[in-house]
Every structure is written in C-alpha cells, then in structure tokens.
Amino acid sequence: MKNGRDSPERKMAERKENIVMFPFMAQGHIIPFLALAIQMQQRNNCTITFVNTPLNIKKLSSSLPPTSSIRLVEIPFCSSDHGLPPDTENTDAIPYNLVIRLLEASVSLRPSFKKLIQGLIEEQHGQRPLCIIADIFFGWTASVAKELNVFHAIFSGASGYGLACYYSLWMNLPHRKVIDSDAFQLPDFPEASSIHITQLATNIREGDGADAWSIYQKENLSGWLKSDGILFNTVEEFDDVGLLYFRRKICRPAWPIGPVLLPMENRARVGKGGIEWLSTKPVNSVLFVSFGSMNTISASQMMNLAMGLEASGKNFIWVVRPPIGFDINSEFRAKEWLPEGFEERIKDSRRGLLVYNWAPQVEILSHKSVSAFLTHGGWNSVLEALSHGVPMIGWPMAAEQFFNVKLLEEKMGVCVEVARGKSCEVRCEDIVAKIELVMNETKTGKEMRRKACQTMEMIKKAIKNEKGDKGSSVKAMDDFFSAALSMREKSEKEHCGVIQAERIW
Ligand SMILES: *[C@@H]1O[C@H](CO)[C@@H](O)[C@H](O)[C@H]1NC(C)=O
Ligand SMILES: *[C@@H]1O[C@H](CO)[C@@H](O)[C@H](O)[C@H]1NC(C)=O
C-alpha cells in the first residue's frame, strides 16, 4: 500500500497542500520552524504559510533567498499594549524578566490568528489548510484549529527526552515536594532517574504554581491535549524514551522527523578564516567551543575556561562573546575579559583561534580536524554535532539543555558534562580533565568517539529515503501526512453528508 494509490506522496501530488506554521517569537524557535518549512516544501511538495508578528516577518523576509516561495504572513501585534518596550517582538530584544510578558502577550493573538486562518480558507474557496503546526508554547492554537476543523500539530525543536523532563517539571513541580534532598524523581517519568536541583533553570526552580511562569506553562502545556500530535526534531533510535513519555502522557502520536536542519545556503556565512586555520591542523585535534547565539558565561567562568583551554595543550576554536553583564552584541574586549597575554600567546603558537560573535558552525563540525565540541547543549547544536559524529563536552545553561546533556551522557554515552549554568564555579583543572578525557586516546575518549560515530550512522539510516528502504524519520513524516490527510478526508465526507442531509430534508 505504501507506494500505491493511497500513499501520502500520491495524495500530496494530487492537490498542492498548504501548511500553516506558527513559531514563538524567539530566534531559537523561529530557526527550527524555518528549517522545517524549507524541508516540507522541498520534499513534500506543499506550500507553506509562515505566520509571525510584523518585525519578525520583516527580518525573515530579508534573510530568505529571493527565490523562496514560503509565504510570510503578519499577524498584528503591538508590544507596547502589553507592557513591553515599543517594537519588541522577539526574546532576543528583551531582558530575561520580560520573556514571560511576551509569552503572555502571545495569547492575545488568538482572535487575529483565527481570523487569519479563516481568511486562508476563504481565499482557497473553502479548502482548509492541511495542517497548523504551532510552537510548544502555543498550546492555545490547538483549540483554534479544532474550532475550524483543521488538523493541528505541535513542533518541538527540543529533544523528546529534554522536553519530557521539561513538561513533567512544569506540570508537577516535584522539586517543591522534597524537603531534605537536592535530588528528586519525576513522578510520571521515572526513566529520567534522578534530577538534581542544579539542573533546573531559574524559572522552574522558583516556580511554585502561583507565579506567572508556572501558570502559563501549566495551562498552555495542557493545551497540547487538544492537538493531534507532536512533531519532534529528533530521531527515534536514540530518543525513544522521551517520545514514549508523550505517547503515553497525552495519548497522541509523537513523530520523530529529525534531524531537520537549515540547508547550508540559508545560513549566514562569514569569513573563511576559521576553516583555513582548521585545515592546517591534524585530523581529530581541535576542540570547538561555542555556546550558541543566545548565551554567554560569567566573567570569572570565562577566565577559567580560557586558562583551561590553554593548560590542556589542545588546539581550539572558541566563539567568544562579551560575558554576562555586558551587551552581548558589543565588541569583545580580550584584554579585559581573558587572561593577560592570552590572545597573543595562542596567536603566536597558532594553538587557538578566537572567533568573535558568529562562526559557520556546521562547516566547523563537519571538518575532519575537529575532535570534540564544548557546547551549551541546545538541541540544534547537538543534532549538528551528532550528524557529523562529533562527541561533546556539555555545559548546559537554560531550559531543557540540562536534560539534553543528561540524555547524551547517561543514555547515549557521547558526552561528558563539565559545568552547569551561568553562575556555577568552573575550575580550570576540571576543564582540563574533561578535555583530556574526551580528546586523549583514553578508553573513555575512544568509546565516546565510537558511540558518536554510531549515532551518526543511525541518523544517516533514519533519513534514508529510497523506494522500499525508508528510515524512521522519513516514515514518521509519511505517518504525519497520512494522519493529516485522513482527518481532512473524513471531515470533508462528513461535510458532504451534512449537505446531502440538508437536501433530503
Ligand atoms: C495560556 O496561558 C495564559 C496566561 O497564563 C492564559 O490566559 C491562557 O488561557 C492559557 N491558554 C490555554 C490554552 O490554556
Ligand atoms: C592526555 O594527553 C596529554 C598529552 O599527551 C598528557 O600530558 C595527559 O597526561 C593526558 N591525560 C590523560 C588523562 O590521559
């Protein structure tokens, strides 16, 4: 049946389907959605309507290639109506304490979002979009979809395991119920074993059920129960435990369709300097250090990290950003923030390369000279590393990153954690020890590299798309489309039934 008359490919080819995508207004959410949009459009032959607030749409339209046929649609939003500074529509542009206000304000988009979907239906002479795919924070969109009889899915750019821990924490606040210990279990996710209080982001740690974050998360994560399923940017073979959590918790399909990553041509490119430098280094000899585009560390952590990198004697590329307390986009002051003479020494010895602000991450990770990746454990970065078989040293900083690192270390054996959070004490010796553990020819190091390569092979298999030989991620995407198509068919039949019944009466 799979490739026959009823296959999703066949049905998708019969009429051009439209999919509506709606990510939360944060770069870390918009980027994975954009990657998904590009993939679905290319592989599944559908049109994409990408919804967001005006300033985010403006930014997107200038970064998409002119040939892109993704339709960008604005939903009206005025930040100053919600106690936010004027023209702030993205978490990138606001201090952390206002993020919750942006989240709360997003609920006010409901009437305009409903109107927008109704408009799309009218424009298509009554044909509904095949599906609405919304952010994990936009549980409220599921009820809009139900009212308009449109299939609805949540898309998670986070891992199944990471999101399962995150979801369970917000729904249960288990750390509030232990008194005599800093470690606890998740009541509905025992597979995660013990969680330590230092693995909780500040908002979860402080959450008591009555604060704005707890209230928003509890209500809106519950909104998923009205959705038809969850798409995960992950791979079944190594993230099955987390996927299982959602399958039993909300009794909906969880479709692991990853890794969905931005194609190279859609990434900003900067100077080739880093790649040229890498090419002068031996195979498997360089540590890549980057904490993602949104994070930085404290001034004292930065000093100790620099000393550790130098003391390790390994080659490294380090994407540096001003430490906490300084404007993250301001100029990097190496003389002030790094040990005395550090920049000159690593330059003269050609041992290290500092990259300011942004580096072509995938090009670096795919380079044969790179041996390991010191990362904050954001899932996108993790998938990029795993896709190239690169083992990791984890330094999680926010949200579900702590649990991504837990999964990578405890279940997958491709990572060791070196530090936790933006305020912990980081010792130079610990950094050296972890770098040597992963990069030296130690038993652990070799084993980690072997497992990272195994994971890379799993990923290649999961995305294999040949007739008669489809990987798990390709099958999951087929299943998702089949579910959406069959719901629409059913609702159209019911609709015809109603019309006929009206005629008879
Ligand atoms: C989401 O949270 C907001 C703010 O706490 C609340 O007003 C809204 O009703 C919630 N939405 C759903 C679907 O629960
Ligand atoms: C790692 O290798 C370096 C250089 O060969 C050596 O000095 C160091 O002791 C090694 N460390 C471990 C833990 O094997």
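Computed from a predicted structure; not experimentally measured.

1. Points about the pattern of salt bridges
When their charged atoms lie close together, side chains carrying opposite charge are able to pair. Tallying each qualifying case throughout the model produces 21 salt bridges. In this structure, Glu-441 and Arg-449 form a salt bridge, with 3.1 Å as the shortest nitrogen-oxygen distance. According to the relative accessible area criterion, Arg-449 is buried, its value standing at 15%. Taking the shortest distance from any N to any O, the salt bridge between Asp-478 and Lys-470 comes out at 2.8 Å. By relative accessible area, Lys-470 is classed as buried at 16%.

2. A word on the state of the cysteines
Enumeration according to the criterion identifies zero disulfides in this entry. With no disulfide of its own, Cys-46 has Cys-131 as its nearest cysteine by sulfur position, at a separation of 9.7 Å. Free cysteine Cys-453: the closest other cysteine sulfur is in Cys-415, separated by 15 Å. For Cys-453, a relative accessible area of 37% corresponds to the partly exposed category.

3. Some remarks on the domain arrangement of the chain
For the chain, the domain assignment lists domain 1 (8–258 + 467–504) and domain 2 (273–460). For domain 1 versus domain 2, the separation of C-alpha centres amounts to 30 Å. Tallying the contact residues gives 29 residues for domain 1 and 19 residues for domain 2. Carbon and sulfur atoms supply 67% of the area that domain 1 and domain 2 bury against each other, a total of about 2,000 Å² over both sides. In terms of surface lost to domain 2, no three residues of domain 1 exceed Tyr-161, Gln-199 and Phe-238, which account for 36% of the buried area on that side. Along the contact surface separating domain 1 from domain 2 lie zero salt bridges. In this assembly, domain 1 and domain 2 are joined by six residue pairs in polar contact (both at pLDDT 80 or more).

4. Focus on the side chain of Asn-315
Tracing the backbone shows Asn-315 in strand S11 (residues 315–320). A polar contact is formed between the side chain of Asn-315 and the side chain of Ser-285, at a distance of 3.3 Å.

5. Structural notes on the packing of helix H7 (residues 160–172) against helix H9 (residues 212–222)
How two helices pack is summed up by the angle between their axes together with the distance between the axes. It is the contact of H7 with H9, at a shortest axis distance of 9 Å, that shows an interaxial angle of 115°. Of the two elements, H7 crosses H9, and the hand of that crossing is left-handed. On H9, the residues touching Tyr-166, Tyr-167, Trp-170 and Met-171 of H7 are Trp-213, Ser-214, Gln-217, Lys-218, Leu-221 and Ser-222. For the contact of H7 with H9, the class distribution of residues is six nonpolar, three polar and one charged.

6. Let's talk about the site of ligand 2
Taken together, Glu-436, Asn-440 and Thr-442 make up the full set of residues near ligand 2. At 2.9 Å, a side-chain N or O of Glu-436 approaches a nitrogen atom of ligand 2. Between ligand 2 and Asn-440 there is a distance of 2.4 Å, counted from an oxygen atom to a side-chain nitrogen or oxygen. Protein chains bury 34% of the 360 Å² of accessible surface belonging to ligand 2 in isolation.

7. Description of the sheet that holds strand S14 (residues 392–394)
Taken together, six strands build an open sheet; the order of strands is S12-S11-S10-S13-S14-S15 and the sheet is parallel. The sheet terminates laterally at strand S12 (352–356) and strand S15 (415–417), the two strands that pair on one side only. Each strand of the sheet is rotated relative to its neighbour by a mean of 20°, with strand direction disregarded. Here three bridges tie S14 to S15, and the two strands are oriented parallel to one another. Bridge assignment links Gly-394 to a residue of S15, and that residue is Glu-417. Helix H12 (residues 299–312) rests against strand S10 (286–290), S11 and strand S13 (370–375) of the sheet, and its axis sits at about 160° to S11. Helix H18 (residues 428–439) contacts S10, S13, S14 and S15 of the sheet and is inclined by roughly 170° relative to S15.

8. So, the side chain of Glu-400
Looking at where Glu-400 falls in the secondary structure, it is placed in the loop between S14 and helix H17 (401–411). Lacking a salt bridge, the buried Glu-400 has Lys-422 as its closest oppositely charged neighbour, with an N-O distance of 12 Å. With residues up to four places along the chain from it excluded, the contact list for Glu-400 reads Ala-158, Gly-162, Leu-163, Tyr-166 and Trp-379.

9. What about the site of ligand 1?
Near ligand 1, the surroundings consist of Val-107, Trp-140, Ile-215, Tyr-216, Glu-219 and Asn-220. Residue Glu-219 places a main-chain N or O atom 3.1 Å away from an oxygen atom belonging to ligand 1. The contact in question runs from an oxygen atom of ligand 1 to an N or O atom on the side chain of Asn-220, over 2.3 Å. Taken by itself ligand 1 offers 360 Å² of open surface, and the protein chains cover 64% of this. Classifying every residue of the shell around ligand 1 gives four nonpolar, one polar and one charged.

10. Overview of the pairing of S13
Here S13 lies mainly inside the structure; six of its six residues are buried. Pairing of S13 with S14 involves three bridges; the strand directions are parallel. Across the sheet, the residue bridging to Thr-375 is Gly-394, located in S14. Tracing the backbone out of S13, into helix H16 (residues 379–387) and back to the parallel element S14 gives a crossover that is right-handed.

11. Focus: the nonpolar core
Residues Phe-113, Ile-117, Phe-138, Trp-224, Phe-246, Leu-386 and Met-392 are the most contacted members of the largest nonpolar core, which totals 98 residues. The two domains that each donate at least three residues to this core are domain 1 (8–258 + 467–504) and domain 2 (273–460). Each residue touching Ile-117, except ones within four places of it in the same chain, is listed here: Val-20, Pro-129, Ile-132 and Leu-148. Membership of the second largest hydrophobic core comes to 34 residues, among which are Ile-30, Leu-36, Leu-64 and Leu-130.

12. Thoughts on the environment of Leu-169
Tracing the sequence through the fold places Leu-169 in helix H7. C-alpha separation for the pair Leu-169 and Thr-47, spaced 122 residues apart in sequence, amounts to 36 Å. If we skip the residues at most four places from it in the chain, Leu-169 touches Pro-174, His-175, Phe-184, Leu-186, Leu-200, Ile-204 and Phe-403.

Parameters at a glance
Residue positions are given per chain, counting from 1 as you read along its sequence in written order. Chain letters and ligand numbers both follow the written order, the letters beginning at A and the numbers at 1. Per-residue local features of the predicted model are confined to residues with pLDDT of at least 70, and side-chain atom pairs are confined, for both listing and counting, to 80 or more; whole-chain, interface and lining totals are unaffected and use all residues. The basis for every side-chain value is the complete set of heavy atoms in the structure, and neither hydrogens nor water enter the calculation. Throughout this description, the term salt bridge denotes a Lys or Arg side-chain nitrogen within 4 Å of a carboxyl oxygen of Asp or Glu. The rule is simple: take the accessible area with a 1.4 Å probe, protein chains only, and divide by the maximum for that residue type; under 20% is buried, over 50% is exposed, in between is partly exposed. Any pair of cysteine sulfurs within 2.5 Å is marked as a disulfide. In this entry, domain limits derive from an automatic or database-based domain assignment. Contacts were defined at the residue level, with two residues in contact if any of their heavy atoms lie within 4.5 Å. Accessible-area loss on putting two parts together, using a 1.4 Å probe and summing over both, is the definition of buried area adopted here. What qualifies as a polar contact is a pair of N or O atoms within 3.5 Å, subject to a donor-acceptor requirement within protein and to the restriction that residues adjacent in sequence count only when both atoms come from side chains. Strands here are runs of E lasting at least two residues and helices are runs of H or I lasting at least four, both read from the DSSP assignment and numbered beginning at the N terminus. In this analysis an axis means a line fitted to C-alpha atoms, helices contributing only their contacting stretch, and an angle means the value between N-to-C directions, from 0 to 180 degrees. Less than a right angle of anticlockwise turn of the near helix away from the far helix marks a crossing as left-handed, whereas a clockwise turn marks it as right-handed. Polar here means any residue other than Ala, Val, Leu, Ile, Met, Phe, Trp, Tyr, Cys and Pro, which are nonpolar, and Asp, Glu, Lys and Arg, which are charged; Gly is therefore polar. Any residue with a non-hydrogen atom lying within 4 Å of a molecule or strand is treated as near it. Note that accessible areas follow from Shrake-Rupley with a 1.4 Å probe, and for residues the cover is restricted to the protein chains shown. Think of it this way: DSSP has to see at least two bridges between two strands before they count as a pair. Under the counting rule used here, the positive set is Lys and Arg, the negative set is Asp and Glu, and His together with the chain ends is not counted. Seen with its strands pointing away from the viewer, a crossover is right-handed when the path leading from the first strand over the helix to the second is clockwise. What makes a nonpolar core is a set of buried Ala, Val, Leu, Ile, Met, Phe, Trp, Tyr and Cys residues whose side-chain atoms join them at distances within 4.5 Å.

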